[in-house]
Protein chains: 2
Amino acid sequence: MSTKYVYLFHEGNASMRGLLGGKGANLAEMANMGLPVPPGFTITTEACKAYYTCNGQFPAGLEDQIKPALAAIEKATEKKLGDPVRPLLVSVRSGAQASMPGMMDTVLNLGLNKETVKALGEATQNERFALDCYRRFIHMFSDVVLDLSRNDFEDILGAVKRKQGVRYDSELSVESLATLIDDYKKLVQRLTGHPFPEDPQEQLRQAILAVFRSWNNARAIFYRRSNHIPDDWGTAVNVQSMVFGNTGNDSGTGVAFTRSPSTGEKALYGEYLMNAQGEDVVAGIRTPLPIASLEKDNPEIYRQFIKVSSDLEAHYRDMQDIEFTIERGKLYMLQTRVGKRTAAASIKVAVDQYHEGLISKEEAIVRIEPGQLDQLLHRRIDDKAKLEVIAKGLPASPGAASGRIVLDVDEAERRGNAEEKVLLIRTETTPDDIHGIMAAQGVLTSRGGMTSHAAVVARHMGKPCVCGCETLEIDHAQRTVLINGAAYKEGEILSIDGATGRVIKGEVPMIDPELSKEFKELLTWADEIRRLQVRANADNPADAQKARDFGAQGIGLCRTEHMFMDPARIPIVQEMILSQTLEERKVALAKLLPMQEEDFYGILKAMAGLPVIIRLLDPPLHEFLPRAEDLLIEVTRLKVTGENPAELHSKEKLLYKVKALMEQNPMLGHRGCRLAITYPEIYAMQVQAIFQASARLVKEGIDIHPEVMIPLVIHVNELATLRRLTEETAAAVMKERGVQFDYKVGTMIEVPRAALTADTIAEVADFFSFGTNDLTQTIFGFSRDDAEGKFLKDYLEQRILDVNPFAVLDRDGVGKIMQMASQLGRGRNKNLGIGICGEHGGEASSIEFCHLIDLDYVSCSPFRVPIARLAAAQAVVNNQ
Amino acid sequence: MSTKYVYLFHEGNASMRGLLGGKGANLAEMANMGLPVPPGFTITTEACKAYYTCNGQFPAGLEDQIKPALAAIEKATEKKLGDPVRPLLVSVRSGAQASMPGMMDTVLNLGLNKETVKALGEATQNERFALDCYRRFIHMFSDVVLDLSRNDFEDILGAVKRKQGVRYDSELSVESLATLIDDYKKLVQRLTGHPFPEDPQEQLRQAILAVFRSWNNARAIFYRRSNHIPDDWGTAVNVQSMVFGNTGNDSGTGVAFTRSPSTGEKALYGEYLMNAQGEDVVAGIRTPLPIASLEKDNPEIYRQFIKVSSDLEAHYRDMQDIEFTIERGKLYMLQTRVGKRTAAASIKVAVDQYHEGLISKEEAIVRIEPGQLDQLLHRRIDDKAKLEVIAKGLPASPGAASGRIVLDVDEAERRGNAEEKVLLIRTETTPDDIHGIMAAQGVLTSRGGMTSHAAVVARHMGKPCVCGCETLEIDHAQRTVLINGAAYKEGEILSIDGATGRVIKGEVPMIDPELSKEFKELLTWADEIRRLQVRANADNPADAQKARDFGAQGIGLCRTEHMFMDPARIPIVQEMILSQTLEERKVALAKLLPMQEEDFYGILKAMAGLPVIIRLLDPPLHEFLPRAEDLLIEVTRLKVTGENPAELHSKEKLLYKVKALMEQNPMLGHRGCRLAITYPEIYAMQVQAIFQASARLVKEGIDIHPEVMIPLVIHVNELATLRRLTEETAAAVMKERGVQFDYKVGTMIEVPRAALTADTIAEVADFFSFGTNDLTQTIFGFSRDDAEGKFLKDYLEQRILDVNPFAVLDRDGVGKIMQMASQLGRGRNKNLGIGICGEHGGEASSIEFCHLIDLDYVSCSPFRVPIARLAAAQAVVNNQ
């Protein structure tokens with residue numbers, strides 16, 4: 001018995017996503033629920049994998065299994081593929097395990113040829129409709145299956161319309177359509193050397209192969225890469241009898257969400273078009289009507305649809321995204337799936353569904369994709385700002401963005417990747433545009449509704465988006481955007497407010513987000529469930545306060561070098577660095593001492609009652625000096641011109657010192673605690689500042705928990721030496737100020753040797769904090785700047801690496817050594833606190849790993865604290 | 001009962017080195033053997049450690065234990081410390097567990113004061129002798145114990161000599177000596193505010209403290225650092241009754257080795273001076289007589305000494321370095337210790353002693369210090385060269401050296417560290433000069449014998465040295481060296497031949513060393529014993545042949561970038577790098593292909609029958625381009641002057657490309673196999689060249705074993721991809737050439753992630769080779785250039801690290817991850833070969849570690865292959 005590749009809908013169910021794809025599994029589930037699903041079958045993802053194994057051939061047995069399945073459809077519909085009287089037409093659609101909207105190919109109306117088209121005309125008593133289906137089919141089949149250029153067909157269509165003197169496709173006469181079909185077929189013959197296939201069986205075979213093939217088209221590969229979908233899953237193929245929303249005004253098609261995908265509000269939310277095929281709605285070519293209008297247009301169908309929607313949500317226990325078609329007054333369900341939604345909607349739906357008794361707190365927690373929450377934690381337009389609103393579109397994806405106008409996706413990608421803030425403005429977007437959307441601050445389109453491609457993609461990415469802004473026109477020739485008669489050139493700044501649909505001239509003031517009631521409630525559940533503490537990385541009192549407001553349980557990383565970079569202080573820092581003697585250096589450090597004391601005073605005060613980990617100076621000293629290259633140019637210029645010898649002399653001296661401090665590999669150079677081994681007076685000043693600030697706060701009655709963190713340790717001797725320095729300084733300050741306070745001394749674990757010798761280091765450490773940025777660099781031997789600028793792209797494209805290890809913690813390498821270090825450390829020091837303060841501390845998969853290896857806390861940027869709280873709870877639920 | 005700090009000689013023995021120090025333990029052993037040792041006792045190293053614990057005080061109980069020990073000496077000698085009639089005089093000497101010649105302090109003639117000096121004069125009937133002892137004692141005590149400047153005392157001595165009108169100390173009259181003593185005492189009173197101590201008990205107490213203190217003087221610390229002696233061992237103190245070699249012409253003193261420390265020849269080898277104290281011989285102030293002369297001078301003493309020497313060697317089963325004194329016709333043994341020797345002597349002694357039945361092969365093997373063998377493997381003067389010999393001195397340390405004349409040790413250190421070849425020329429050297437000797441190519445002195453300080457130190461370091469070249473005079477004012485009337489300025493080049501004592505004008509041609517008969521024999525024993533294979537790092541056929549001659553069992557690392565650096569090829573390499581398209585790059589690579597093929601042909605042929613591991617291109621591409629800094633200067637100059645716009649344009653273009661390739665941290669950048677992920681055509685060319693060369697050799701009937709090594713792997717996917725490329729290329733070449741051959745594909749393990757994921761990598765690797773240079777850099781987060789240039793010095797000085805991890809493999813960090821990687825790798829692939837090809841592969845301690853973790857081979861530079869063979873055998877013997 002060979003592998004079963006083909007499943008009739010009633011043979012499957014929702015749990016078979018892996019084999020049948022999401023679409024196929026849900027069609028099966030709906031069919032078994034007794035919902036009105038047009039009959040069909042699904043060819044499994046296994047068949048697709050086998051197709052690739054067989055170098056693009058049908059695997060053995062597949063063809064034989066398709067025949068009886070097709071026969072079953074024919075029996076159920078009482079039609080027959082290719083039958084000259086009652087012809088069956090089918091759709092052939094892709095459907096992978098994970099949703100990849102619009103990325104792969106679809107063929108509709110399959111089964112038409114010069115004979116069946118007549119029968120279809122007769123059966124529907126609508127010859128024009130039949131011919132329109134036929135020309136759409138030839139067009140789509142030629143594009144998708146025969147891989148011919150769309151444009152050639154559109155040129156012919158244009159010519160026929162001009163000849164007849166009409167503007168819209170729907171105005172084409174029966175004669176024009178017949179001419180068009182003829183011209184299309186001639187074009188196919190000319191381009192391929194073969195006639196357009198008349199045999200419906202052959203059409204089906206080729207369409208199935210084309211869908212298999214589309215798994216590996218460029219945009220599908222790009223989408224999978226962006227969404228971490230494995231390349232080896234393959235797509236299923238759904239063959240289903242056609243129903244038509246475009247047979248007349250008693251037909252129609254639509255999509256709906258069971259709750260608002262923007263806000264999560266509990267109300268049916270969708271759009272439909274009468275006398276249209278589904279693609280017309282999704283593609284955003286005509287602007288559809290809101291679903292509520294259906295109640296007036298066709299109350300019976302509306303009632304039925306409300307019932308089906310409600311049943312589907314109850315059945316799946318989650319908000320559904322439903323596609324339906326009305327064929328001559330009868331409702332058919334074409335698809336249901338879990339609806340994509342904004343982060344805000346995601347939270348509201350989950351919290352509401354808990355309160356409705358539909359799901360548990362734990363389920364609510366894991367329903368939220370933490371990466372998506374970012375959008376809620378970003379800025380929105382300040383309510384108090386005076387705005388010059390120049391247009392209004394549909395509020396398709398919340399959040400606000402300002403950026404320079406860009407009309408082209410590749411340009412948007414280029415400039416966006418160069419850190420420029422750009423706003424992508426398009427008539428409509430297609431799946432080919434994803435890379436441009438990703439690089440833009442936001443998207444504005446002139447056509448398409450809330451479920452158009454641009455809206456769906458932008459919501460998923462958390463980018464602000466305004467759609468269907470009909471007063472907007474793009475003039476590609478002039479590279480301008482016309483809005484109500486005014487012209488805005490490419491490069492000018494506009495802003496959009498995706499929450500209201502407003503388009504605003506110029507840049508707008510934004511304010512920080514606040515958490516919604518539901519978000520706060522969800523986070524309290526997360527706090528009940530999670531085991532990991534969440535702290536924040538903050539370098540000043542304002543950030544510390546923000547972190548605290550977001551629920552941070554302390555500061556996991558306060559970087560002191562940011563304080564050194566302050567423009568007012570940099571001359572003193574340079575004086576310190578350029579000192580020739582210890583005495584000179586101490587003079588400069590003495591000037592920095594009161595400034596640092598104020599810094600620490602503010603942060604410790606803002607975090608009263610909570611631990612504050614202060615990391616001593618980390619970067620190499622040359623980072624505080626002018627760049628050697630600039631000096632070299634200036635020195636060469638002064639030498640050649642001979643002007644200003646005094647200036648030349650002083651610049652040469654400075655260049656000499658800068659070059660003496662320059663390093664081959666600064667990342668692996670004289671920085672971190674290595675500076676303090678050479679110049680202990682620098683750390684001595686810093687710890688004195690910390691403890692003087694502490695002493696003042698203690699006298700003011702504030703509860704402080706300072707923790708001193710030594711960076712870049714590789715050997716217990718470094719930490720022991722610097723711990724001694726810290727303890728002596730603390731003792732001296734306490735004695736001088738006549739107060740007592742507790743403090744801790746710990747170390748970053750950010751170099752492999754520290755991790756490998758964590759047992760001995762733990763003997764003199766109160767805590768470890770994994771610096772996973774540096775640890776990733778040393779474990780991979782990757783300089784982050786060089787890797788991301790030069791070769792990491794090749795590694796991701798060729799799938800040498802699945803993800804950027806600077807974004808998602810590498811469990812096999814970095815994670816392995818972290819686990820080893822934790823075990824070694826705790827084995828020697830039971831009271832050792834262990835956390836992480838690299839950027840990974842705010843990323844969900846990395847946080848899950850920290851939970852799994854039993855760290856005490858993660859620390860991340862203040863804005864990511866809520867994400868981390870949630871992710872920490874998900875880690876518990878997902879690993880129970 | 002308190003700790004026992006004091007041991008009479010008869011209470012100790014040779015095995016108690018740790019507690020009694022080397023000198024004390026051997027004095028005890030000799031005393032117990034019944035040899036004529038002046039009575040004494042040893043204060044333990046534990047007492048020294050306790051002294052440091054007690055902040056420089058005598059530890060509790062020490063003073064009470066000294067009293068009875070002193071009483072025992074007094075009883076044995078029938079003298080008494082401070083006795084006005086029969087005064088006991090003692091020496092107080094340091095003596096650590098490891099020999100640290102001249103590094104710590106000694107006080108002689110202790111016990112003299114204005115009363116006892118009279119008694120000494122009466123007892124010896126030699127007032128002049130007694131006064132001379134007294135003035136030496138005051139001088140030495142003031143220097144060592146009171147820490148007063150030697151020069152002040154020498155100035156007084158000079159003044160007294162001038163006043164009396166004599167040239168040598170020995171010509172001083174009794175009156176002058178009395179004046180001198182008086183003046184010395186006044187000076188002490190003036191400088192310290194206290195009179196010179198008259199009480200012998202107080203003298204003894206202070207001298208013991210001074211010896212303890214001298215453990216931590218600057219030169220002792222420096223010596224320990226250079227010789228990897230732990231700082232916490234401490235020194236013992238030996239208090240011994242004085243015997244005098246300077247009481248007249250029937251007295252004398254000398255040192256001797258039981259075999260030649262230069263060649264190992266079995267013959268008593270030493271020097272003595274009549275009417276002198278021991279320090280006179282060692283300090284090289286007077287040139288002593290060879291020991292054989294003693295047979296004529298005093299046959300009875302000579303006979304006794306021969307017997308004692310022979311007994312000592314038999315007793316200790318090793319060559320001895322003996323100090324003796326003759327006091328008024330009676331022989332006393334003052335010290336015996338294992339004699340330091342040249343590498344050549346070391347080998348000859350060990351091999352001879354095996355054949356004499358004294359020691360086993362295993363003992364012979366471990367007697368050799370592998371690091372020392374370096375000197376035998378370096379060059380000597382070509383016999384056929386015409387030499388302009390300008391002087392002859394004593395052949396004090398073998399080997400030949402050419403270098404620029406430098407007269408000052410600090411200057412020698414400065415210039416030597418700047419990679420300049422310098423020859424240090426001094427009247428004589430002192431322990432303060434070590435850093436200068438270390439940095440010089442060789443040492444030439446005008447005074448002192450074969451056992452002078454310069455000779456001993458140079459032999460130990462394996463530096464060529466010619467001593468006692470009496471025709472040489474240094475004119476410090478003119479910065480010249482006068483030899484037989486001719487003047488040679490500082491900076492001119494001279495050569496020395498330490499094997500013959502010749503001093504030669506200018507640079508001389510040198511030839512490669514050959515292994516002595518004994519060395520070869522010893523190495524065959526090593527080969528019988530060792531388990532580790534030894535391979536060599538060689539990049540060309542000549543080096544490969546040399547390696548083979550030295551016994552290499554294959555090539556462990558053939559670097560292909562050295563072939564790219566060839567001046568004839570660099571333009572093609574640059575053309576390849578600057579290519580804008582794949583096609584351009586392939587054109588350049590096609591030109592390199594036949595060149596690389598010739599390289600590989602030569603090496604594979606030279607190593608017929610043995611494995612040859614060829615590492616594909618490793619360094620970042622910008623290493624092959626001009627330096628950005630030079631281009632930037634040139635571009636700026638051209639811009640300012642406005643001359644030659646065409647040149648400016650082309651230079652600017654090149655600068656742009658060079659800057660595009662430049663990296664923040666090239667060590668962690670786009671290099672190694674990362675290049676081949678981006679530009680697979682580069683590796684494709686290299687493997688094609690390897691396999692084309694292989695195919696030719698197979699057709700010639702040569703037995704070849706090519707192994708392709710991929711550098712800088714971090715993930716199994718890299719190796720899998722590049723293995724596929726290699727296999728496809730091999731298959732194509734074999735098909736085209738119609739031959740078959742075997743080959744292997746393996747990887748460097750030189751980045752932590754590769755080590756951590758060695759299990760998965762091993763699935764597609766035939767072998768691993770640890771690149772411990774890079775592994776040390778990434779495990780420590782040390783850029784080697786930056787660390788060694790900037791902060792490693794601080795780490796070693798402050799003892800944060802004990803040794804430079806680039807010289808000696810760091811077992812705790814790098815070693816730990818190597819062991820882990822080996823276990824992971826072998827766990828997944830039983831046939832995996834594992835070796836090491838970093839510089840550590842030629843260093844003994846690192847080789848021992850490779851043995852301990854069960855690697856298959858080490859690979860090192862061809863000249864170090866014999867060292868590695870020996871060290872691999874020692875690893876077996878020392879870990880049985």
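All values reported here derive from a predicted model rather than from experimental measurement. (Residues numbered from 1 in each chain as written. Chains lettered and ligands numbered in written order. Predicted model: local features only at pLDDT ≥ 70, side-chain atom pairs only at ≥ 80, totals over all residues. Heavy atoms only, no water.)

### What about the overall build of chain A?
Helices and strands together make up the secondary structure of chain A, namely 35 helices and 33 strands. Taken along the three principal axes of its C-alpha coordinates, chain A extends 100 × 70 × 55 Å. For chain A, the share of sequence-separated contacts (at least 6 apart) that also reach a separation of at least 24 residues comes to 69%. For chain A, the exposed surface amounts to about 34,800 Å²; the carbon and sulfur share of it is 50%. (Helix = DSSP H or I, 4+ residues; strand = E, 2+ residues; numbered from the N terminus. Contact = heavy atoms within 4.5 Å. Areas by Shrake-Rupley, 256 points an atom, 1.4 Å probe, with all protein chains shown as cover.)

### Overview of the sheet that holds strand E12 (residues 330-338) of chain B
Residue and element names in this part refer to chain B. If you trace the 5 strands from one edge of the open sheet to the other, you get E10-E9-E8-E11-E12, paired in antiparallel fashion. One side of each edge strand has no neighbouring strand; the edge strands of this open sheet are strand E10 (289-290) and E12. This element, helix H12 (residues 299-316), spans strand E8 (252-257), strand E11 (320-327) and E12 of the sheet and lies at about 25° to E12. (Pairing = 2+ DSSP bridges. Axes fitted to C-alpha atoms, helices over the stretch in contact; angles between N-to-C directions.)

### Description of the packing of helix H2 (residues 45-53) of chain A against helix H8 (residues 200-214) of chain A
To describe two helices that pack against each other, one gives the angle between their axes and the distance between the axes. Residue and element names in this part refer to chain A. Remark: H2 packs on H8, axes separated minimally by 10 Å, with the N-to-C direction vectors making an angle of 85°. Between H2 and H8, the angle falls in the class roughly perpendicular. Contacts from Ala47, Cys48, Tyr51 and Tyr52 of H2 reach H8 at Leu209, Phe212 and Arg213. Looking at the contact of H2 with H8, its residues break down into 6 nonpolar, no polar and 1 charged. (Parallel < 35°, antiparallel > 145°, perpendicular 65-115°, else oblique. Nonpolar A, V, L, I, M, F, W, Y, C, P; charged D, E, K, R; others polar.)

### Regarding the interface of chain B and chain A
Across the boundary between the two partners, chain B contributes 56 residues, which contact 56 residues of chain A. It is Leu668(B), Arg753(B) and Ile800(B) in chain B that bury the most area against chain A; as a group they hold 13% of the surface buried on that side. The interface formed by chain B and chain A contains 4 salt bridges. Where Asp810(B) meets Arg753(A), a salt bridge forms, and the shortest distance between an N and an O atom there is 2.7 Å. Broken down by element, the residue count for the side of chain B that touches chain A peaks at 7 residues, all from helix H23 (residues 628-641) of chain B. (Buried area = accessible area lost by both parts, 1.4 Å probe. Salt bridge = Lys/Arg side-chain N within 4 Å of Asp/Glu carboxyl O.)

### Observations concerning the relation of the copies chain B and chain A
The two copies are related by a screw motion: chain B maps onto chain A through a turn of 180° and a shift of 0.1 Å along the axis, at an RMSD of 0.3 Å. In short, the pair behaves as if placed about a two-fold rotation axis. No C-alpha of chain B lies nearer the rotation axis than that of Asn665(B), which sits 2.0 Å from it. The share of interface residues of chain B whose copies in chain A are also at the interface is 100%, consistent with both copies meeting through the same surface. (Least-squares fit on C-alpha atoms with pLDDT ≥ 70 in both.)

### Some remarks on the sheet that holds strand E23 (residues 493-497) of chain A
Residue and element names in this part refer to chain A. Ordered by their spatial adjacency, 8 strands build an open sheet running E14-E24-E23-E16-E17-E18-E19-E15, and the pairing between neighbours is mixed. Lying at the two open borders of the sheet, with one neighbouring strand each, are strand E14 (389-392) and strand E15 (394-397). Strand-to-strand twist of the sheet, defined as the mean angle between neighbouring strand axes without regard to direction, takes the value 35°. Across 3 bridges, the pairing between E14 and strand E24 (residues 502-505) is antiparallel. Counted as the bridge partner of valine 389 is isoleucine 504 from E24. Contacts from helix H16 (residues 409-417) reach strand E16 (400-406) and strand E17 (422-426) within the one sheet, and its direction differs from that of E17 by about 175°.

### Details of the nonpolar core
The biggest cluster of nonpolar side chains holds 277 residues, and the ones touching the most others in it are Tyr683(A), Leu373(B) and Tyr683(B). It is helix H26 (residues 680-699) of chain B that contributes the most residues to this core, 11 residues altogether. Among all residues touching Leu373(B), those that are not within four sequence positions of it are Ala343(B), Ile347(B), Ile368(B), Phe519(B), Ile867(B) and Leu870(B). (Core = buried A, V, L, I, M, F, W, Y, C linked by side-chain atoms within 4.5 Å. Buried < 20%, exposed > 50% of the residue type's maximum accessible area, 1.4 Å probe, protein only.)

### Re helix H7 (residues 174-192) of chain A
All names here are of chain A. Its 19 residues place the ends of H7 27 Å apart at the C-alpha level, agreeing with the 27 Å of an ideal helix rising 1.5 Å per residue. Of the positions making up H7, those classed as buried are Ser176, Leu177, Leu180, Ile181, Tyr184, Lys185, Leu187 and Val188. Against the buried residues of H7 lie helix H5 (127-144) and helix H6 (150-164). Of the residues trailing H7, glycine 193 is marked for its positive phi of about 80°. (Expected span 1.5 Å × (residues − 1).)

### Some remarks on the confidence of the model for chain A
On average, chain A scores 91 in pLDDT, and the residues at 70 or more come to 98%. ipTM for the predicted complex: 0.79, alongside a pTM of 0.79. (pLDDT = per-residue confidence, 0-100.)

### A few points about the environment of Leu725(A)
All names here are of chain A. Along the chain, leucine 725 turns up in helix H28 (residues 716-737). Accessibility expressed as a relative area gives 18% for leucine 725, which makes it buried. Considered as a pair, leucine 725 and glutamate 681 are 44 residues apart in the sequence and their alpha carbons are 9.6 Å apart. Beyond its immediate stretch of four places on either side in the chain, leucine 725 contacts Pro680, Tyr683 and Ala684.

### Quick notes on the pattern of salt bridges
Scanning the entire structure with this criterion turns up 124 salt bridges over all chains. Glu736(A) serves as the salt-bridge partner of Arg737(A), at 2.9 Å between the closest nitrogen and oxygen. With a relative accessible area of 23%, Arg737(A) lands in the partly exposed category. Between Arg627(B) and Asp630(B) there is a salt bridge, with its nearest N and O atoms 3.1 Å apart. Exposure remark for Asp630(B): the relative accessible area of 40% places this residue in the partly exposed category. Counted as one network, the salt bridges with shared partners bring together Asp132(A), Arg135(A), Arg136(A), Lys161(A) and Asp169(A).

### A closer look at the environment of Phe770(A)
Residues and elements named next belong to chain A. Within the secondary structure, phenylalanine 770 is located in strand E31 (residues 767-770). In this structure, the C-alpha to C-alpha distance between phenylalanine 770 and arginine 17, residues 753 residues apart in sequence, is 39 Å. Once you skip the residues sitting within four places of it in the chain, phenylalanine 770 turns out to touch Ile749, Leu775, Met818, Ala821, Ser822, Ile834, Gly835, Ile836, Cys837, Gly838 and Leu855.

### Brief notes about the packing of aromatic side chains
This model, assessed by the stated rule, comprises 36 aromatic pairs over all chains. Taking 5.9 Å as the distance between ring centres and 55° as the angle between the ring planes, the aromatic pair formed by Phe550(A) and Phe863(A) counts as tilted. Residue Phe550(A) is located in the loop between helix H20 (541-549) and strand E27 (555-559), and its partner Phe863(A) is located in the loop between strand E33 (857-860) and helix H35 (865-878); the two are separated by 313 residues in the primary sequence. The same class applies to Phe550(A) and to Phe863(A), which are both buried. Judged by centre distance (6.0 Å) and plane angle (65°), the ring pair of Phe791(B) and Tyr795(B) falls under edge-to-face. Of this pair, Phe791(B) and Tyr795(B) are both found in helix H31 (residues 784-797), 4 residues apart, which corresponds to roughly one turn of the helix. By the burial criterion, Phe791(B) is buried, and Tyr795(B) matches it. Here a set of aromatic residues connected by ring pairs shows up, and it is made of Phe780(A), Phe782(A), Phe791(A) and Tyr795(A). One cation-aromatic arrangement involves Arg535(A) over Tyr857(A); the distance from NZ or CZ to the ring centre is 4.0 Å. Taking the ring centre of Tyr601(A) as reference, the NZ or CZ of Arg696(A) above it sits at 4.1 Å. (Phe/Tyr/Trp six-rings, centres within 6.5 Å; stacked < 30°, edge-to-face > 60°. Lys NZ or Arg CZ within 6 Å of the ring centre and 35° of its normal.)

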